[in-house]
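Residues per chain, in single letters:
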Amino acid sequence: MAASGYAPRRTDLPVVISEARVRHLVRRLAAAICADHSEGDTLVIVAVLKAAVVFLADLIRHLTMPLEIELVNARSYSGTRRREAVEILDDVLELELTGRHVLLLDCVLDSGHTLAAVLGAIVAQAPASVKTCVLLRKRRPRTVDIEPEYVGTDIPDVFVVGYGLDCDNRWRHLPFVAELPEAAASGGGEE
Ligand code: 5GP
Ligand code: MG
């Protein structure tokens, strides 16, 4: 933010999804996930760091089946060709998911490269089932073929922060999702 010289306060940011709506969406997603998964099977939730942590923490408190949680790092390559390739750090490959029921969780689906890459690594381990869940899906064309089974809501193709989403590791703690104006976002990189 310092780079742009524009440092907005949280009250300046245009709200995209209010705190009450986030809460409603999370409950609705949890109900759909519970309806689709047997109470007798353990579900392994694989959440993509760091953005999914807030969503994960809220979602799991509405899930009723036995659960295990795994946290994985996945980030886009930095540099001039940012976000055209995803580097999966080794922890995805170290999970033992063969024969397990897996739910891959992220906060936002943007280009789809991140989820597609992590999903590919999960599928390679031959899980019993795998579904994907995102709270937010941007309305934009996607070059990768990925359609999450569970989507909280579609949002405009703008850069958003809050509810786990950051700009330069800031704003994650906002209880709502807000647009970060171009002037503020241009100084900060994404993960
Ligand atoms: P994708 O690989 O689908 O393009 O992007 C997914 C990742 O990029 C997310 O996990 C998130 O870290 C980051 N990302 C994508 N769009 C946004 C956004 O609008 N705001 C923030 N803060 N991060 C985003
Ligand atoms: Mg980020």
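Because the structure is predicted, anything quoted here is derived from the model rather than measured.

Calculation notes
- Residues numbered from 1 in each chain as written.
- Chains lettered and ligands numbered in written order.
- Predicted model: local features only at pLDDT ≥ 70, side-chain atom pairs only at ≥ 80, totals over all residues.
- Heavy atoms only, no water.
- Helix = DSSP H or I, 4+ residues; strand = E, 2+ residues; numbered from the N terminus.
- Buried < 20%, exposed > 50% of the residue type's maximum accessible area, 1.4 Å probe, protein only.
- Contact = heavy atoms within 4.5 Å.
- Arc of directions from axis to C-beta.
- pLDDT = per-residue confidence, 0-100.
- Near = heavy atom within 4 Å.
- Polar contact = N/O pair within 3.5 Å; in protein donor to acceptor, adjacent residues only side chain to side chain.
- Areas by Shrake-Rupley, 256 points an atom, 1.4 Å probe, with all protein chains shown as cover.
- Nonpolar A, V, L, I, M, F, W, Y, C, P; charged D, E, K, R; others polar.

### Focus: the overall build of the chain
Part 1: Across its full length, the chain carries 5 helices and 9 strands.
Part 2: Sequence-ordered secondary structure for the chain, helices as α and strands as β, is β-α-β-α-β-β-α-β-α-β-β-β-β-α.
Part 3: For the chain, the proportion of its 191 residues judged to be buried stands at 43%.
Part 4: Within the chain, counting contacts between residues at least 6 apart in sequence, those at least 24 apart form 67% of the total.

### Notes on helix α4 (residues 113-123)
Part 1: Inspection of α4 places L115, V118, A121 and I122 among the buried residues, and these make up the whole buried set. Each buried residue of α4 sits inside an arc of 130 degrees when the element is viewed along its axis, so together they form one side.

### Remarks on the confidence of the model for the chain
Part 1: Mean pLDDT over the chain stands at 88; residues scoring 70 or higher make up 84%.
Part 2: In this model residues 77-82 is a low-confidence stretch, pLDDT under 50, and it forms 7 contacts with partners more than four residues away in sequence or in other chains.

### Quick look at the site of ligand 1
Part 1: Taken together, 15 residues lie near ligand 1, and S111, T114, K138, V160 and D166 sit nearest.
Part 2: A distance of 3.5 Å separates an oxygen atom of ligand 1 from a polar atom in the backbone of H113.
Part 3: Isolated, ligand 1 exposes 500 Å² of accessible area, and the fraction of that covered by the protein chains is 96%.
Part 4: By residue class, the composition of the shell around ligand 1 is 5 nonpolar, 4 polar and 6 charged.

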